[in-house]
Amino acid sequence: MPKNIVLTLTGRDRIGLVDHVTSLVVKRGGNVGASRMAHLGGEFAMLMLIALPESEIGVIDQDFQSLRGEGYQVSIVQTEDSKKYEGWLPYEIEVTGADHEGIIHDIAHYLASRGINIENMDTSSNPAPMSGTPLFTMKGVVLAPPKLNFHAWSDELEEIGDKLNVNVTVGLVK
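Overview of the structure. These figures come from a predicted structure and were not determined experimentally.

1. Re the sheet that holds strand β8 (residues 166-172)
Strands sit in the order β6-β7-β5-β8 across an open sheet of four strands; the sheet is antiparallel. Of all the strands in the sheet, just β6 (117-127) and β8 have a single pairing partner and so form its edges. Neighbour to neighbour, the strand axes of the sheet diverge by 10° on average, direction disregarded. Where β6 meets strand β7 (residues 134-144), 10 bridges bridge the pair, whose relative direction is antiparallel. Counted as the bridge partner of N117 is L143 from β7. Across the sheet, helix α4 (residues 103-113) is in contact with β5 (89-98), β6, β7 and β8; its angle to β7 comes to roughly 15°. Together, β5, β7 and β8 form the strand contacts of helix α5 (residues 150-164), whose direction differs from that of β8 by roughly 160°.

Structure follows, in structure tokens:
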């Protein structure tokens, strides 16, 4: 029976890295179920959920020794299926506006204080077309407890956005 592992890898960016990592997974009879990869400031970061035959879990870690020897940080963790958030409601959150310190922290702090779990979150800062002013974008999905009043917490989050001078929109996942 396949088991799930989470593989994280960070290190210098190079052509062929994803090919190399996925070949190690396939060699052990594994399959990448979900992944996130990004070039961040000259480094490459990879996060993968991999289904792997149980007999290969102990062995696959050894396959990554050569990459560790090249300076890559590699972590492999077996996951457990969790029903912790079963019945929770998914919402999309988007935050846009002029970039400045503290936006991610203030949004994440509010969500945590209300018991809302971040499922995924992507952020970026890019220069505005005309002025070159850094524009911040955050998009993600959160899970809210079913008894939490949507209008109350989403209105409060929009108020935090007003204080941060950013636009916050929250809606059901489509």
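Structure's up, so let's keep going.
2. A look at the packing of aromatic side chains
Across all of its chains, the model carries four aromatic pairs by this definition. When the centroid spacing of 5.3 Å and the interplanar angle of 80° are considered together, the rings of Y91 and W153 count as edge-to-face. Here W153 lies in helix α5 and Y91 lies in strand β5, a separation of 62 residues in the sequence. Each ring, one from F150 and one from W153, has its centre 5.7 Å from the other, and the planes form 90°; the classification is edge-to-face.

3. Thoughts on the environment of V74
Mapped onto the fold, V74 is located in strand β4 (residues 73-78). Each C-alpha atom of the pair V74 and N126 lies 29 Å from the other, and the pair is 52 residues apart in sequence. Not counting the four nearest positions on each side in its chain, V74 is found in contact with L7, T8, L9, F64 and R68.

4. Some points on a negative patch on the surface
A cluster of acidic side chains, namely D155, E158, E159 and D162, defines a negative patch on the protein surface. Structurally, D162 can be placed in helix α5.

5. Quick notes on the nonpolar core
Counting 20 residues, the largest nonpolar core has I93, V95, I107, L111, W153 and L157 as its most contacted members. Secondary structure elements with two or more residues in this core: β5, α4, β7, α5 and β8. The contacts of L157, once residues within four sequence positions are left out, are I93, I107, Y110, L111, V168 and V170. Counting residues in each nonpolar core, the second largest holds 18 residues, with I5, M46, I50 and V74 among its members.

6. Looking at the layout of surface pockets
Counted as a void, the largest pocket has a volume near 620 Å³. V6, R36, L47, E119 and N120 are, among the 21 residues lining the largest pocket, the residues nearest its centre. At the level of elements, β1 (2-12), β2 (31-40), β3 (43-53) and β6 are the ones that each hand at least two residues to the lining of the largest pocket. Take the lining of the largest pocket: its biggest share by element is six residues, from β2. Along the lines of polarity and charge, the residues of the lining of the largest pocket split into 11 nonpolar, five polar and five charged.

About the cut-offs
- Residues numbered from 1 in each chain as written.
- Predicted model: local features only at pLDDT ≥ 70, side-chain atom pairs only at ≥ 80, totals over all residues.
- Heavy atoms only, no water.
- Pairing = 2+ DSSP bridges.
- Helix = DSSP H or I, 4+ residues; strand = E, 2+ residues; numbered from the N terminus.
- Axes fitted to C-alpha atoms, helices over the stretch in contact; angles between N-to-C directions.
- Contact = heavy atoms within 4.5 Å.
- Phe/Tyr/Trp six-rings, centres within 6.5 Å; stacked < 30°, edge-to-face > 60°.
- Patch = residues over 30% accessible without salt bridge, like charges linked within 9 Å, V, L, I, M, F, W, Y side chains within 5 Å.
- Areas by Shrake-Rupley, 256 points an atom, 1.4 Å probe, with all protein chains shown as cover.
- Salt bridge = Lys/Arg side-chain N within 4 Å of Asp/Glu carboxyl O.
- Lys, Arg positive; Asp, Glu negative; His and termini not counted.
- Charge placed at Lys NZ, Arg CZ, Asp CG, Glu CD.
- Core = buried A, V, L, I, M, F, W, Y, C linked by side-chain atoms within 4.5 Å.
- Buried < 20%, exposed > 50% of the residue type's maximum accessible area, 1.4 Å probe, protein only.
- 1 Å grid on protein atoms, 1.4 Å probe; cavity = no way out; pocket = protein on both sides within 12 Å on 5 of 7 lines; lining within 4 Å.
- Points joined across faces, edges and corners; volume = space filled by probe spheres on them.
- Nonpolar A, V, L, I, M, F, W, Y, C, P; charged D, E, K, R; others polar.

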